[in-house]
There are 2 protein chains.
Amino acid sequence: MWSFILLFVLSLIAYFVTDNLIPRVGKLCINAGLYGVDLCKTNKNKIPEGTGVVSGCLCLVTNFLFIPIIFGSGLMDTQQFPHNEFAELLAGLLCICCMLLLGFADDVLDLRWRYKVLLPTIATLPLLVVYYVNFNSTTFLVPIPLRHWFGVSIDIGWLYYFYMTVLAVFSSNAINILAGINGLEVGQSVVIALSIILFNVIELGSDQYKAHSFSLHIMIPYLATTLALLKHNWYPSKVFVGDTFCYYSGMTFAVVAILGHFSKTLGLFLLPQIINCVYSVPQLLHIFPCPRHRLPKYSAETDLLYASRTIITKKDMKNSTKFVLNFLTAFHLIDKIEDDECITVNNLTLINFFLIKLGPKSELKLTSTLLLFQVLCSSMAFLIRYPMASYFYDA
Amino acid sequence: MWSFILLFVLSLIAYFVTDNLIPRVGKLCINAGLYGVDLCKTNKNKIPEGTGVVSGCLCLVTNFLFIPIIFGSGLMDTQQFPHNEFAELLAGLLCICCMLLLGFADDVLDLRWRYKVLLPTIATLPLLVVYYVNFNSTTFLVPIPLRHWFGVSIDIGWLYYFYMTVLAVFSSNAINILAGINGLEVGQSVVIALSIILFNVIELGSDQYKAHSFSLHIMIPYLATTLALLKHNWYPSKVFVGDTFCYYSGMTFAVVAILGHFSKTLGLFLLPQIINCVYSVPQLLHIFPCPRHRLPKYSAETDLLYASRTIITKKDMKNSTKFVLNFLTAFHLIDKIEDDECITVNNLTLINFFLIKLGPKSELKLTSTLLLFQVLCSSMAFLIRYPMASYFYDA
């Protein structure tokens with residue numbers, strides 16, 4: 001209990017330090033040429049990019065300072081020191097630190113796609129080794145209706161490690177894909193973090209309380225520093241958070257979920273990101289043309305955002321393109337405009353989907369609506385996780 | 001034994017990958033505006049800055065990939081898994097990763113001095129906790145001639161942790177201060193790394209073989225990736241290594257020395273850096289004026305480097321300045337030119353000291369001479385560590 005009070009105090013200090021440092025580091029970023037221009041504004045001010053590195057570093061520093069407090073009792077009697085739990089925390093912080101480095105390098109150097117997939121994969125290795133030696137549980141519980149065929153649980157062996165790696169890589173990139181309007185990256189991360197914290201607090205009473213208090217030790221400083229970042233990144237953004245923030249956030253979620261054994265629950269919290277990713281597949285696989293940026297289009301006249309569009313030429317349209325086009329049209333999932341030579345459809349992102357369904361919106365309203373959807377998904381996750389789970393699993 | 005052969009193979013691959021990646025990342029650096037101009041050349045080509053991040057990342061990646069090999073036997077039987085050794089390795093890699101991040105942030109954003117001292121201090125915390133729970137030996141052996149007064153050993157308690165923090169912070173900054181001419185930062189790091197590796201190999205036969213093989217696991221990939229960097233950084237430099245490399249190198253040395261229990265021996269290997277630091281004190285404390293850069297001066301006519309100088313005005317010269325000036329003059333440690341109004345002396349760095357004692361030199365010759373001095377110091381370290389130590393300590 002005392003350790004949580006101290007954690008709150010440290011996190012509160014971290015909030016104020018982050019809040020204070022962001023404008024200063026922002027100036028350094030602009031001096032270093034690390035800035036962008038907000039495409040959804042009429043003014044062309046230089047806005048510092050990559051400031052997620054500040055909140056990330058402060059989150060790490062808070063965690064470092066907190067180590068002697070978490071392991072206080074172990075430090076009194078080193079014979080009883082929980083080396084395995086300490087290794088867990090170190091492996092988690094190492095993964096997070098690696099992603100912070102990769103993200104910042106990406107913001108500065110604009111790395112290629114392959115590194116964005118390769119490096120999180122390698123960065124996850126210490127985490128997998130820790131998981132292997134501390135738990136090595138690779139079984140899934142089978143839902144009651146399916147037990148007739150599959151038995152009570154299935155051991156998927158090394159595939160479980162593959163699954164965890166995919167989760168870490170997906171999570172690291174998921175927030176980066178659902179991004180591009182003021183406050184959305186940080187806002188969705190705050191909603192996910194709050195959901196994880198609520199879930200951890202509920203589960204503190206269970207026999208898995210150690211795993212959940214581990215998660216809280218990382219998530220509370222994360223939330224504090226991220227809220228400070230949100231203050232500066234909220235509409236109208238005074239700083240951009242960069243890939244730094246997206247990678248580091250995603251990896252933080254993956255770390256606590258893997259070591260806290262709630263990776264499936266994290267999957268539920270990441271539902272909007274998963275939907276966005278699945279919806280994007282036709283463009284990511286180049287079945288539809290994929291422009292470099294798929295941001296909504298800003299109209300200075302109306303001060304509203306409109307869905308951005310991509311053009312498919314009819315002449316040499318592949319069968320796969322035709323099939324996907326018909327499928328999406330049948331389910332009313334795209335906004336299609338056709339003439340003799342080409343078809344234009346909205347770019348396949350969740351942001352554009354909201355715009356074609358709800359009509360043009362101001363940037364602030366659009367962000368709020370998307371965040372509301374994130375909150376709804378989290379609420380649904382709790383519904384599935386609690387009342388409904390008892391139907392599928394034993395209590 | 002097998003694990004060392006695999007480590008060599010992995011490190012060799014890391015060498016070639018680093019060698020291959022550096023020119024590519026160099027181009028990205030130039031595109032990102034992360035470049036400098038070589039002040040000791042007549043041409044004004046853009047030279048990429050901060051490429052130490054490539055060798056640093058590759059060193060980390062090699063270490064990650066090597067984890068399952070080091071702990072192979074522990075992984076077979078997880079009941080016997082050495083959690084404490086694993087935590088040691090993770091804490092070490094975490095410190096190194098933090099310094100890589102800090103260094104790269106410094107290269108891009110040009111951070112203030114206070115962060116350069118504060119952040120390594122905090123980054124060392126996981127290392128100190130690991131040391132505390134795994135060893136917590138805070139005693140120094142007293143040399144035989146002094147035992148009459150102090151006893152066989154002195155326990156300095158928490159001061160030992162202060163000493164290790166200072167070592168880590170000093171080591172992280174030491175290479176950065178003895179720097180500025182082509183190949184010097186990387187060259188000295190290679191000499192120090194080779195000295196550490198030789199020392200570890202000699203000590204593999206002792207009862208401390210675990211600590212020394214731990215050190216080798218980190219130092220061999222470090223050496224391989226650093227040699228690849230040296231190839232591109234050697235005179236005439238095609239890339240600059242940046243603070244990234246200096247911080248990360250220094251922290252790597254500190255990590256292996258602290259966890260390998262040879263911090264005093266590392267002190268001997270860092271003798272040129274210590275001399276440089278002590279010699280710089282009058283300027284660092286602003287007893288003498290300290291210009292932003294203290295690099296030697298390049299003359300395009302002769303293609304030689306000359307000692308750069310600082311000007312002390314006689315009018316309001318403080319007593320402390322007078323005292324230090326007289327002291328350094330008495331021991332022939334500076335080159336002084338005096339007129340009615342002011343005194344000019346060489347900037348107090350080891351590089352300038354070599355230039356005033358040996359006369360102007362070409363950049364290549366100067367680097368080679370300084371590296372030769374580093375080799376001499378290492379040889380002396382081995383002399384002190386082996387034949388002479390038996391005089392001061394029991395065998």
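Quick caveat: nothing in here was measured; it's all calculated off a predicted structure. (Residues numbered from 1 in each chain as written. Chains lettered and ligands numbered in written order. Predicted model: local features only at pLDDT ≥ 70, side-chain atom pairs only at ≥ 80, totals over all residues. Heavy atoms only, no water.)

(A) Highlighting the overall build of chain A. Counting its regular elements, chain A contains 16 helices and nine strands. Its C-alpha atoms give chain A a radius of gyration of 22 Å, near enough to 21 Å, the size a compact globule of 395 residues would have. If you line up chain A on its principal axes, its C-alpha atoms span 80 × 60 × 35 Å. A total of about 17,500 Å² of accessible surface is found on chain A, and carbon and sulfur atoms cover 66% of it. Here chain A contributes 26 positive and 24 negative side-chain charges, whose respective centroids are spaced 5 Å apart. (Helix = DSSP H or I, 4+ residues; strand = E, 2+ residues; numbered from the N terminus. Rg over C-alpha atoms; globule rule 2.2 N^0.38 Å. Areas by Shrake-Rupley, 256 points an atom, 1.4 Å probe, with all protein chains shown as cover. Lys, Arg positive; Asp, Glu negative; His and termini not counted. Charge placed at Lys NZ, Arg CZ, Asp CG, Glu CD.)

(B) Broad picture of the side chain of A:Lys41. Residues and elements named next belong to chain A. In this fold, Lys41 is placed in the loop between strand S1 (35–37) and strand S2 (46–48). For Lys41, the side chain forms a polar contact with the side chain of Glu363, separated by 2.6 Å. Setting aside residues no more than four positions away along its own chain, Lys41 makes contact with Asn182, Tyr235, Pro236, Tyr298 and Glu363. (Polar contact = N/O pair within 3.5 Å; in protein donor to acceptor, adjacent residues only side chain to side chain. Contact = heavy atoms within 4.5 Å.)

(C) Representation of helix H6 (residues 125–134) of chain A. The buried fraction of H6(A) is high, at eight of 10 residues. Those residues of H6(A) lying buried are A:Pro126, A:Leu127, A:Leu128, A:Val129, A:Val130, A:Tyr131, A:Val133 and A:Asn134. (Buried < 20%, exposed > 50% of the residue type's maximum accessible area, 1.4 Å probe, protein only.)

(D) Fine view of the packing of aromatic side chains. This structure, assessed with the given rule, holds 41 aromatic pairs over all chains. A connected cluster of aromatic rings, assembled from ring pairs, spans A:Tyr131, A:Tyr132, A:Phe135, A:Tyr160, A:Tyr161 and A:Tyr163. The ring of B:Trp113 carries the charged tip of B:Lys116 above its face, separated from the ring centre by 5.1 Å. (Phe/Tyr/Trp six-rings, centres within 6.5 Å; stacked < 30°, edge-to-face > 60°. Lys NZ or Arg CZ within 6 Å of the ring centre and 35° of its normal.)

(E) Region of interest: a positive patch on the surface. A grouping of A:Arg24, A:Lys27, B:Arg112 and B:Arg114 is seen on the molecular surface, where their side chains present a positively charged patch. Assignment of secondary structure puts A:Arg24 in helix H1 (residues 2–31). (Patch = residues over 30% accessible without salt bridge, like charges linked within 9 Å, V, L, I, M, F, W, Y side chains within 5 Å. Salt bridge = Lys/Arg side-chain N within 4 Å of Asp/Glu carboxyl O.)

(F) Region of interest: the packing of helix H4 (residues 83–109) of chain A against helix H10 (residues 209–233) of chain A. Residues and elements named next belong to chain A. Close contact between H4 and H10 brings their axes to 12 Å; oriented N to C, the two are set at 40 degrees. If you check the angle between H4 and H10, you find them oblique. In terms of crossing hand, the pair formed by H4 and H10 is right-handed. On the side of H4, the interface is formed by Glu85, Glu88, Leu89 and Ile96, while H10 contributes Lys210, Phe214 and Ile218. Across the contact of H4 with H10, the residue classes break down as four nonpolar, no polar and three charged. (Axes fitted to C-alpha atoms, helices over the stretch in contact; angles between N-to-C directions. Parallel < 35°, antiparallel > 145°, perpendicular 65-115°, else oblique. Left-handed = near helix turned anticlockwise from the far one by under 90°. Nonpolar A, V, L, I, M, F, W, Y, C, P; charged D, E, K, R; others polar.)

(G) Local environment of the interface of chain B and chain A. Facing the 47 residues of chain B at the interface are 47 residues of chain A. When chain B packs against chain A, close to 4,000 Å² is buried across both sides, 86% of that on carbon and sulfur atoms. It is B:Phe64, B:Leu101 and B:Leu109 in chain B that bury the most area against chain A; as a group they hold 16% of the surface buried on that side. Our enumeration of links across chain B and chain A arrives at zero residue pairs in polar contact (both at pLDDT 80 or more). Those elements that provide at least two residues to the side of chain B that touches chain A are helix H1 (2–31), helix H2 (52–70), helix H4 (83–109), helix H5 (113–123) and helix H6 (125–134) of chain B. Here the element with the most residues in the side of chain B that touches chain A is H4(B); it accounts for 16 residues. (Buried area = accessible area lost by both parts, 1.4 Å probe.)

(H) A look at the pairing of strand S9 (residues 342–346) of chain B. All names here are of chain B. Counting buried positions along S9 yields five of five residues, so the element is predominantly enclosed. Here S9 shows two buried faces, one formed by Cys342, Thr344 and Asn346 and the other by Ile343 and Val345. Where strand S7 (residues 309–313) meets S9, five bridges bridge the pair, whose relative direction is antiparallel. Paired with Ile311 across the bridge in S9 is Thr344. Counted along the chain from strand S8 (residues 336–338) to the antiparallel partner S9, the turn is three residues long. (Pairing = 2+ DSSP bridges.)

(I) Geometry of the relation of the copies chain B and chain A. Turning chain B through 180 degrees and shifting it by 0.0 Å along the axis lays it on chain A, with an RMSD of 0.0 Å. Such a combination of rotation and displacement between the chain copies is what one expects of a two-fold axis. Most of the interface of chain B is mirrored in chain A, where 100% of its interface residues are also at the interface. (Least-squares fit on C-alpha atoms with pLDDT ≥ 70 in both.)

(J) Molecular detail of the sheet that holds S7(B). Residue and element names in this part refer to chain B. The three strands are arranged S7-S9-S8 in an open sheet whose pairing can be described as antiparallel. In the strand order of this sheet, the two ends are held by S7 and S8, each with one partner. With strand direction ignored, the average angle separating the axes of adjacent strands in the sheet is 20 degrees.

(K) The environment of B:Gly50, seen in detail. Residues and elements named next belong to chain B. Assignment of secondary structure puts Gly50 in the loop between strand S2 (46–48) and H2. Residue Gly50 is classed as buried on the basis of its relative accessible area, which comes to 0%. Residues Gly50 and Cys246, spaced 196 residues apart in sequence, show a C-alpha to C-alpha distance of 9.9 Å. Contact partners of Gly50, with chain neighbours within four places excluded, come to Phe104, Asp107, Phe240, Val241, Gly242 and Thr244.

(L) Representation of the state of the cysteines in the model. Summed over the entire model, instances satisfying the criterion amount to zero disulfides over all chains. Lacking any disulfide linkage, A:Cys277 is separated from the closest cysteine sulfur, that of A:Cys290, by 12 Å. B:Cys97 forms no disulfide, and the closest cysteine sulfur to it belongs to A:Cys97, at a distance of 3.4 Å. (Disulfide = S-S within 2.5 Å.)

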